[in-house]
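Residues per chain are reported as follows:
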Amino acid sequence: MLPSLLVASLSLATASWALHESDVGVVDWHTKLVGVPLQNTFHGDLILTTTTSNVFAALNATDGSIAWRSIHDDDDPVVAFDVYDHSNVALLSGPGGSTLRTYDTSTGHLLLERRLHNPAHARRHELRHVGITAGRFSVEGSTPLFVLTNGDTVSRIDSQSGDVLWTWSSPDQGSLVVYSHIRTTSDAVYAIGLAKSKTTYTLHVTTLSVASGSTIASVNIPANLATDTPGFVLLEAPPSPLSTPGPCLTWLGSSSIRAAVLTPGLKGQVQILPGVNYTHIQDIGLAGAGQFIAFAQSGSAHVMRYDGESLQLMWEFTDQAPSRTRTESHFAGSLSEDGEPRIASVYWSHANRHAIHQTFTPRLAEGKGQVTGYVFPFRTHEHGVIRHVAFDGRSSHTHETTRLLLTTSTGTLQLWKHDTLQWSREEALSTIRVAAFVPLPPPSASSDLSTGSTAGQGISNTVLTCIRRLSESILQHLRTYTMGPSTREDGSARSFGALSTLYSDQFGFRQVIVAATTEGVLYGLDSSDGRVIWRRLFGLGWASDRVGGRVFPVKMYLLPEKVGRVVDDGSQEETMKQTVVLVTQRRAHNTLVDTVVFEVDPLTGDDVRPLEDGESDTSRSRYGPLEGKDVIQGPMIESFVVPDGRGTIAMLDEFLQVQLYPDTPATRASLARLAPSLHLVLPTRTSSSPSPGAGGDIDASTRTQLVGHRLSFNDNISTVHVAYPTWRIIFGPGETIRETIRNGKDAGKELSVGKVLGDRRTLYKYLNKHLRVVLTEAKGTGGQMGLEESSGTMCGLYVLDSVKGTVLYRAKLPAPEGRCDDVRAALVDHWLVYAYFEDGTGAGGDGTKGWRVVSVEMYEGKKPDDVTRSLELSSYSNATTDFTTYEQAYLIPYGVTALSTTSTRLGVTLKNLIVASRRHAVHSVPRRLLDPRRPLGKVSPAEAEEGLVTYDAVLPDDARLALSHNYEVANIRQIMSAPSRLESTSLILAIGLDLFLTRVSPSGTFDVLSENFNKAQLVLTIGGLALAIGLVRPVVRRRQLRGRWYSA
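Fair warning: this is a prediction, and the values are worked out from it, not measured in the lab. (Residues numbered from 1 in each chain as written. Predicted model: local features only at pLDDT ≥ 70, side-chain atom pairs only at ≥ 80, totals over all residues. Heavy atoms only, no water.)

### A short note on the overall build of the chain
Regarding its fold elements, the chain presents 7 helices and 65 strands. When contacts within the chain are restricted to residue pairs at least 6 apart in sequence, long-range pairs at least 24 apart make up 54% of them. Accessible surface, the chain: about 48900 Å² in total, of which carbon and sulfur atoms supply 52%. (Helix = DSSP H or I, 4+ residues; strand = E, 2+ residues; numbered from the N terminus. Contact = heavy atoms within 4.5 Å. Areas by Shrake-Rupley, 256 points an atom, 1.4 Å probe, with all protein chains shown as cover.)

Quick look at the structure:
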């Protein structure tokens, strides 16, 4: 009976991994983002926005979806835009406004693209020096565009053909005057700039002819503007049927508002508004309507209006300065449907714990105005403070229709309609810096998370617990085997329960992605669909009290699934919960830097740091900012996990002293025990004598070094461990370290330590867990590390042993345009892959221009069957350098932005290369195509038996290798992989401007049943065999018994 139960259990265990092939690998999701907004403008039912990710986009105001977006390269920054003809938008981008583009606002179709000047010849200025405006008239149905570029050039461009009709350049070419704003009237173009004197700025205005671009007048206006914030506002007069007054230039001088009405001849007087002292003025988007806000020293805000002749005070918002009861107000202006201006004021009330919105509606005919307002439930503890406000004046007829767009300090974009949140966009997800996959517990174990492990229970209770879990598992396997997995319409697994009871699916596809952003937000994402499970803000600690600052994530660690810690009474406490430890740098606005550690529960986002003296669990808010522990009063040099099984994090300060988290007697004892086996690699810089003949652009007095360290403890010198150098590599003059890459997290986990060849010999893999990849950039010269002398820039790649500093592999790579930013590398086990761009001009190149991928494999010994046991070998042994490399280069048909490899739970499945391309796509390149042992000629029978194919210099551009299908996955910076419970399947997460997750099966779904598998036939066959065994067994026993009686 027992063998029958065992066979049944094994068959059910095997069936638990059975899943239809169509349900694996097709479940993916794509989160399309635009980046943290910089400027938002309502345009009908669209919101035009520019972002910190260098994206110009249009959002649907109804639901917040992306109508279209234009993604620009880093060397093509978006600088200015203006709407014309009510349906088109003109955009200036590039250094100095080098490129003009026009788009259809409704579709995003590119209508025109024109290069205005060479980006390499752009002039650099500290002040704003670009601008664009559309003319108030049209010529033969085409609206002219007037653009200001480089701070000294004004051009008139036909918006349909892109022809430059005329160009005016400043006589001093920006050396004396830097122009920053332009406005047009029917008879003149006004260019306003700043001329710097010894301590202040002076205003300068030049008027140009609309028809020819010739200079009409050019004058200096004494203004005495401060050099730190030289602000001014250029106002346009409201339209008048009797006359067309010129624009009004307004600025703040000596705490008084001053204004000058401009005419083409620039003849007039400067007006001064006496009686009120002001601190600053602000353009709220109504300069075209002649209105702006002036902030008085008394704390009130004044609405000022230009009526075509002079400035007038329209309205006073009292008590607008920040205080204990409220924050400062954010103002925004817009026009109603009938063209009347509206002004919105938004601030947070500490007393009411709500945000308050006020709308000022002027009644120009009566010379009066009115203010209406309401409160709305903005959650500042979740989204930070309000940074920017955009107001839709068309919706301001009643409170119920008022639309307000908020940008918060955490990168969240929210649209409110009256007091109801319509939609919210988490644009901080475009700034993820570090992230980690956290496996979820199975359903049967989710309820046991609070009870811990079975340690300490009696034998009978332990047996009962095991029996209960086994019965639950058998029932679950039976349901899956007979009915199959439940799926939604989009193919993903059905809802797994409430957020408070998160648990995994049976195949481990559902995990929690914990992601930390540079906007001060920590997210918990569901890997099954990408939705946000929880979000927490980083607290600023002492810096939150009137100082302010930002928290920048540095490293993230996932503690072991079963963590043991020693409590105060000396007993051992164990828990099954995983925790995420985040090491960050807090940079206060007063320039102080501290190293802060946060520890959270990945399922809920709760703070799970060890309690400090006088602190209780109830004092930690689940909804307020997440407070961390200040570990180092200063910057951190390096951090790592102490391999003690306790989840101890060690951090090195700038004096190379080791600080622990958590810092307890038990963790100190663990570090003291393990210190002799720990090795660190740190980059440093050292001074040296200048090299003779060094170029002037190279700082030859300093050299970059890579220094290996070990830890020691001397209680006569320090109370903590201190790192001391053990080896040193000095790079040549001008060579700097760009990046160091550790061996992949799967290092040493390979079940296969060798590769059997077709002739039955074996290549044993060189498995050195201490390998590091170092990427460098050498300007003008090579040196100590073997880069040859060169007058230009070269890129270096080194593979070294971090224990003794031996360089095991090196490569010299070209640097197109003098930069090494395009070099990417990945190292896992014995496989190194790196990508770079070859411009075809290098001395060592073959003249072919394009992207290359180099695949390098390292094997023990000099020939097959040589064994050095590198995985067990001491790094101090000379045998660590006894290995052979096989390498081959391939042309790849697209640019590379990130590299990674797949990873599985046991390391049995082949590793594919995952590549993020400049095409905004994610590709999976099979390992077979990157095998450096691919023969150059005809494949022999032995090589064919290994699965080798003939070498082809160009990797195929096969759409079937694109994991992202037709998604536009933009600007990928990082690729992460995580194993599932299926050995055949890996989870792939691409992080950049967008987020994209999918599943990959490099060796095929060998542990997955196909769709046409006949389960009924298998069950009937097994049942028939079991019945036959039961019927035949008595007959066999009788025959055996009879044979024993009669054999004698």
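### Overview of the side chain of asparagine 768
Considering the arrangement of structural elements, one finds asparagine 768 in the loop between β52 (762-764) and β53 (771-779). For asparagine 768, the side chain forms a polar contact with the side chain of tyrosine 766, separated by 3.3 Å. Within the structure, the side chain of asparagine 768 is placed 2.9 Å from the backbone nitrogen of histidine 770, a separation counted as a polar contact. Beyond its immediate chain neighbours, meaning those up to four positions away, asparagine 768 contacts Asn743 and Asp801. (Polar contact = N/O pair within 3.5 Å; in protein donor to acceptor, adjacent residues only side chain to side chain.)

### Describing the state of the cysteines
Tallying each qualifying case throughout the model produces 1 disulfide. Residue pairing for cysteine 795: its cysteine sulfur links by disulfide to cysteine 820, the two sulfurs lying 2.0 Å apart. Between cysteine 795 and cysteine 820, the S-S dihedral sits near -100°, and the bridge is therefore left-handed. Residue cysteine 795 is located in strand β54 (residues 793-801), and its partner cysteine 820 is located in the loop between β55 (807-814) and β56 (824-828); the two are separated by 25 residues in the primary sequence. (Disulfide = S-S within 2.5 Å.)

### Describing the packing of aromatic side chains
Applying the stated criterion across every chain yields a total of 22 aromatic pairs. Among the aromatic residues, those joined into a cluster by ring pairs are Phe295, Trp315, Phe317, Phe331 and Phe360. (Phe/Tyr/Trp six-rings, centres within 6.5 Å; stacked < 30°, edge-to-face > 60°.)

### What to know about the environment of valine 833
Of note, valine 833 is situated in strand β57 (residues 831-838). Residue valine 833 is classed as buried on the basis of its relative accessible area of 1%. Here the alpha-carbon distance between valine 833 and glutamine 888, two residues 55 residues apart in the chain, equals 10.0 Å. If we ignore the near neighbours within four places in the chain, the residues touching valine 833 are Arg824, Ala825, Ala826, Val853, Val854, Leu899 and Leu913. (Buried < 20%, exposed > 50% of the residue type's maximum accessible area, 1.4 Å probe, protein only.)

### Remarks on the sheet that holds strand β65 (residues 995-1000)
One open sheet accounts for 4 strands, arranged β1-β65-β64-β63; its pairing is antiparallel. The sheet is open, and its two edges are formed by β1 (29-31) and β63 (972-979), each paired on a single side. Looking at each pair of strands side by side, their axes are set apart by 20° on average, direction ignored. Direction of pairing for strand β64 (residues 986-992) relative to β65: antiparallel, over a ladder of 6 bridges. If you follow leucine 989 over to β65, its bridge partner there is leucine 997. (Pairing = 2+ DSSP bridges. Axes fitted to C-alpha atoms, helices over the stretch in contact; angles between N-to-C directions.)

### Quick look at a nonpolar patch on the surface
A grouping of Leu1027, Leu1031, Val1032 and Val1036 is seen on the molecular surface, where their side chains present a nonpolar patch of about 360 Å² in accessible area. Structurally, leucine 1031 is set in helix α7 (residues 1015-1047). Overall, leucine 1031 belongs to the exposed group, its relative accessible area being 58%. (Patch = residues over 30% accessible without salt bridge, like charges linked within 9 Å, V, L, I, M, F, W, Y side chains within 5 Å. Salt bridge = Lys/Arg side-chain N within 4 Å of Asp/Glu carboxyl O.)

### Things to note about the side chain of threonine 185
Its location among the elements puts threonine 185 in the loop between β14 (177-184) and β15 (189-196). At a separation of 2.6 Å, a polar atom in the side chain of threonine 185 contacts the side chain of aspartate 187. When near neighbours in sequence (up to four residues on either side) are disregarded, threonine 185 contacts Phe137, Tyr190, Val210 and Pro247.

### Some remarks on the pairing of β56
Burial analysis of β56 places 4 of its 5 residues in the buried class, the great majority of the element. Note: β56 against β57, 5 bridges, orientation antiparallel. Residue pairing across strands places leucine 827 opposite leucine 832, the latter belonging to β57. The hairpin formed by β56 and β57 contains 2 residues between the paired strands, and aspartate 829 there has a positive phi angle of roughly 55°.

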